[in-house]
Structure formats: C-alpha cells, structure tokens
Amino acid sequence: MVKADGYGLGMEDVVRALASEDPWGFGVATVEEGIRLRGAGVSDAVIIFSPVPPGSYDAAVAHDLTLTISDLDSLDRVTAAAERTGHVGRFHVEIDTGMGRSGFDWRRVAEWGPGLADRASPTSIWEGCYTHFHSADLADDGPTRAQWEDFNAALERLKPEKGIFIHACNAAAALRSPAFAADGVRPGIFLYGGGIGTGVAPPEEVARVRARVTLIRDVPEGTTLGYGATYRSSGNERWATLGIGYGDGFPRVLGNRGSVLLAGQRLPIIGRISMDMTVVDITGVDGVQVGDAATLIGTDGNGVITLDEVAELAGTISYEILTGFTTRMPRIWITE
Ligand SMILES: *Cc1c(COP(=O)(O)O)cnc(C)c1O
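What you are looking at is a predicted structure, and each value in this text was computed from that prediction instead of being measured.

Each value, and the rule that gives it
Residues numbered from 1 in each chain as written. Predicted model: local features only at pLDDT ≥ 70, side-chain atom pairs only at ≥ 80, totals over all residues. Heavy atoms only, no water. Helix = DSSP H or I, 4+ residues; strand = E, 2+ residues; numbered from the N terminus. Buried < 20%, exposed > 50% of the residue type's maximum accessible area, 1.4 Å probe, protein only. Contact = heavy atoms within 4.5 Å. Areas by Shrake-Rupley, 256 points an atom, 1.4 Å probe, with all protein chains shown as cover. Lys, Arg positive; Asp, Glu negative; His and termini not counted. Charge placed at Lys NZ, Arg CZ, Asp CG, Glu CD. Domains from an automatic or database assignment. Buried area = accessible area lost by both parts, 1.4 Å probe. Polar contact = N/O pair within 3.5 Å; in protein donor to acceptor, adjacent residues only side chain to side chain. Expected span 1.5 Å × (residues − 1). Pairing = 2+ DSSP bridges. Right-handed = clockwise from strand over helix to strand, strands pointing away. Core = buried A, V, L, I, M, F, W, Y, C linked by side-chain atoms within 4.5 Å. Near = heavy atom within 4 Å. Nonpolar A, V, L, I, M, F, W, Y, C, P; charged D, E, K, R; others polar. Axes fitted to C-alpha atoms, helices over the stretch in contact; angles between N-to-C directions. Parallel < 35°, antiparallel > 145°, perpendicular 65-115°, else oblique. Left-handed = near helix turned anticlockwise from the far one by under 90°. Disulfide = S-S within 2.5 Å.

**Student:** Looking at this structure, how should I read the overall build of the protein chain?
**Tutor:** Helices and strands together make up the secondary structure of the protein chain, namely 10 helices and 17 strands. Referenced to the eigenvectors of the C-alpha coordinate spread, the extents of the protein chain come out at roughly 80 × 45 × 40 Å. In the protein chain, which comprises 336 residues, the share counted as buried stands at 46%. For the protein chain, restricting intrachain contacts to residue pairs at least 6 apart in sequence, the fraction spanning at least 24 positions comes to 59%. For the protein chain, the computed accessible surface area is about 16500 Å², with 50% contributed by carbon and sulfur atoms. Each charge class in the protein chain can be summarised by its mean position, and for the 29 positive and 44 negative side chains these summaries are 3 Å apart.

Shown next, in the form of structure tokens:
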C-alpha cells in the first residue's frame, strides 16, 4: 500500500525502496495516485482501494489501473470507460464485513451477486475479491476471525471463478493473523515504521524527523514564550529554537508536552509550537550549537523517540503523523 504519497514518505521513493521485495502490485486510494505510479514507470498491477468519482473512470481505465467496486453502478462505469477508451477494464469486488465505508454487504449476496455475474465481460474483467479488517491490531483476534468467516461465507455464495485473487490482510492482520493471508496481503503501516499493536515485534525505524537549531537564547527569569505565553522561564534558562513547526506537519498539540533528542539528551518542548518554530529548553546542557540537528522522531545515539510514542502523545495514530508532514519537509533517502 503506497497511498497518500507512500504514507507521507514519497510514493516514488517508496516504490523504489520496495523493488527488491518484488511486490505483486501496488495499492493506492485515488486515480491521480495511480497515474503518478504509471508516470514513475510502474507496470505492475495498481489497485485503487477507494471508490472514485464517476468522472474518473476513463482516466483510470486508460492507465490500466484496477478499480474496486462496491456497487453495480460502478461496474457499469468500468465497462463504459473500457468501451470509450479501448482499454480493458479491471476490477476487484470489495465485500464489506464490518468496515462499513465501502464494499458490497456480505449478508446480501443474493441481491448483488447475480448482477455482478451478468455484467462481467471481456472488456471489464473481474480479477479479485477482498474485504478489509477493522480491528486487526487488537490482541483479541475474535473480530478479525469473525470478519474472515463472513467474507468466506459471502464468497461461498458468490462462487467467483477459479483463479480470482482473494485478499484481506492489512499489515496488522498479515503479521498477527497469517492464516488469513489468502492469495496476497496488503501491508501498509509496518513498512513505514508504524506498530501493529501490542504483543508483536515492534517495527524497525524507517523515518526519522530532524530539525536544526536555528537560534540559541539565554533568557532571564519571567521570560514568556510562544503564542498565549503558556510558558514562562522560572529562572535563568537557555532556549534553543528549532526550524520546524506545525506548518511542517509536526503536531501543534505537542507544545509543552513533547520532547526532542539533542546533545545526547531528551529535552522538553516548551511553549506552544508555532507554524515555523519549536523551542526546547536546553538549560544546563553542554555543547548545543546553532546548526545542530535535533531528532523529533527516531533514534539519535542511544536515545529514541518512536513514531508511535509521538502519535500517542499527540492523541492520534502513526498513520496520521506520517501523512501529516507537509511538502516543506524535505524527504531525504539514505541508501546504504
Ligand atoms: C490502507 C489500507 C491497507 C493498509 O493498511 P495498514 O494498516 O497500513 O497496513 C490495506 N487495505 C486497504 C483497503 C487499505 O485502505
């Protein structure tokens, strides 16, 4: 899964980094993302895992992107786009087993199954069937098992042709419930360094977020800091200003809460985070110089601030932290 610009890391670079794994194909969310992959030279299958607007089908089919369908009208659009563009339309059928946002209802195969079979044609090829788990990261695999069973009950009734590609697992399910791997899995977050719940091995660090010290100030007692003056020095203090803020996607909610690694220490973020600047308290810390790089996510020496730790402190999930970094943050790929 390389949607949302490769979970914020840069889709083309992610595809390049994954090449040695020889993935079966790539998953995206929009037609535009699929076209970008084609532009980057990807010739593998590209599946668009969200419903797309009616006006986007021609472009999808013309770029040989595989659509996912949740209703019969969408299938008619695939067929019409295939006829208009002269390309073969390809689709996977999503079966909703509890995620609710998209897919055909697994309980109502009798209503939509026959229409699906009637409509399949040489110009629009039914290539796969899948469902999506809502709770695969839980320690209790009960909900995932129940969804898997419902999915299979629907497949039983649907009787798709042999050779159709069956898939269900996101990263959490692929690693926690490998019995449901079927013909392929759709890993996302774990590839990008996000955890998949407790009780399994944590991911390796993938992305590190760093910002340079752009200014150091010695301030007397009573100096206020940031919007709302929510922080006030309680004595003589030394502050380091970092060139990063919420305009880069670093969560503003971490003001007066988060910390950074700098000069071999974990140091607190003080005051509210601005759009372009974040201030840390370096009082009593030797050796910090303007130009030094602070680590906001990742390892530095023996210290580590994990992506999941930052997400939790910010009241969100690793996915939102990663995809939240804006284009102002350069993505620098380190190849060994
Ligand atoms: C995003 C997505 C995935 C990947 O999920 P992760 O939790 O990141 O592994 C898999 N399948 C579908 C349909 C998705 O939308």
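Having seen the structure, we can now continue with the description.
**Student:** So what exactly am I meant to see when it comes to the domain arrangement of the protein chain here?
**Tutor:** For an interface, size is often stated in terms of accessible area lost upon the parts coming together. By the assigned domains, the protein chain splits into domain 1 (3-192) and domain 2 (209-323). Each of domain 1 and domain 2 has a C-alpha centre, and the two are 40 Å apart. Each partner contributes residues to the interface: domain 1 has six residues there, and domain 2 has five residues. In total, domain 1 and domain 2 occlude about 470 Å² of area from one another, counting both sides; carbon and sulfur atoms represent 75% of this. Per-residue buried area on domain 1 facing domain 2 is highest for Y7, I189 and Y192; these three make up 75% of the total on that side. Viewed at the interface, domain 2 and domain 1 are joined by zero residue pairs in polar contact (both at pLDDT 80 or more).

**Student:** Help me understand helix α5 (residues 72-85), please; the structure alone is not making it clear to me.
**Tutor:** Given 3.6 residues to a turn, an α-helix orients residues that are three or four positions apart in the same direction. Between its terminal C-alpha atoms α5 stretches 20 Å, which fits the 20 Å expected from 14 residues at 1.5 Å a residue. Among all positions of α5, only L72, S74, L75, V78, T79, A81 and A82 are buried. G86 sits one or two residues past α5 and shows a positive phi near 75°.

**Student:** It is not clear to me how the pairing of strand β3 (residues 66-69) should be interpreted in this structure. Could you clarify?
**Tutor:** Along any regular strand, the residues point their side chains to alternate faces of the sheet. By the alternation rule, side chains of β3 split into T66 and T68 and L67 and I69, which are all buried. Alignment of strand β2 (residues 45-48) against β3, held across two bridges, turns out to be parallel. Note that in β3 the partner of I47 across the bridge is T66. The parallel pair β2 and β3, bridged by helix α4 (residues 57-62), forms a crossover whose chirality is right-handed. Across four bridges, β3 lies against strand β4 (residues 89-96) in parallel orientation. Following the sheet pairing, T68 is matched in β4 by H92. On the question of chirality, the crossover connecting β3 to the parallel β4 by way of α5 is right-handed.

**Student:** What is the right way to read the nonpolar core from this model?
**Tutor:** Within soluble globular proteins, side chains that are nonpolar tend to cluster in buried spots. Grouped together as the largest cluster of nonpolar side chains are 88 residues, with contacts concentrated most on V2, L37, V93, I95, L116 and L262. The contact partners of L262, leaving out residues within four places of it in the chain, are V213, L267, V280, I282, V288, D292, A293 and A294. V219, L225, I270 and V279 belong to the second largest nonpolar core, which has six residues in total.

**Student:** Help me out: how do you make sense of the site of the ligand in this one?
**Tutor:** Around the ligand sit 13 residues in total, of which K3, Y7, A171, I189 and Y319 are the nearest. At a separation of 2.7 Å, an oxygen atom of the ligand approaches a polar backbone atom of A171. Between the ligand and G188, the relevant distance is 2.9 Å, taken from an oxygen atom to a main-chain nitrogen or oxygen of the residue. Split into classes, the residues belonging to the shell around the ligand amount to seven nonpolar, three polar and three charged.

**Student:** I keep staring at the packing of α5 against helix α6 (residues 109-119) and nothing clicks. Help me out?
**Tutor:** With their axes 10 Å apart at the nearest point, α5 and α6 run at an angle of 5° to one another. If you check the angle between α5 and α6, you find them roughly parallel. Judged by residue contacts, L72, L75 and D76 of α5 engage W112, G115, L116 and R119 from α6. Split by residue class, the contact of α5 with α6 holds four nonpolar, one polar and two charged.

**Student:** Would you take a moment to explain the pairing of strand β13 (residues 259-262) for this structure?
**Tutor:** A two-sided burial pattern is seen for β13, the buried positions comprising S259 and L261 on one face and V260 and L262 on the other. One ladder, built from four bridges, connects β13 with strand β14 (residues 265-270); its direction is antiparallel. Looking across to β14, one finds that L261 is bridged to R266. Hairpin geometry of β13 and β14 is characterised by an intervening segment of two residues between the two adjacent antiparallel strands and by a positive phi of about 55° at A263.

**Student:** When you look at the packing of α6 against helix α7 (residues 142-158) in this model, what are you seeing that I'm missing?
**Tutor:** In a pair of packed helices, the angle between the axes and the distance between the axes together describe the arrangement. Taken N-terminus to C-terminus, the directions of α6 and α7 make an angle of 50°; their axes are 10 Å apart at the nearest point. Classified by the interaxial angle, the pair formed by α6 and α7 is oblique. As α6 packs across α7, the resulting crossing turns out to be right-handed. Two secondary-structure elements touch here, α6 through V109, W112, G113 and L116 and α7 through A154, R157 and L158.

**Student:** When you look at the state of the cysteines in this model, what are you seeing that I'm missing?
**Tutor:** Joining two cysteines, a disulfide is a covalent bond between their sulfur atoms. For the structure on display, the rule yields zero disulfides. Here C169 stays unpaired: no disulfide links it, and the sulfur of C129, its closest cysteine neighbor, is 15 Å away. Overall, C169 belongs to the buried group, its relative accessible area being 0%.

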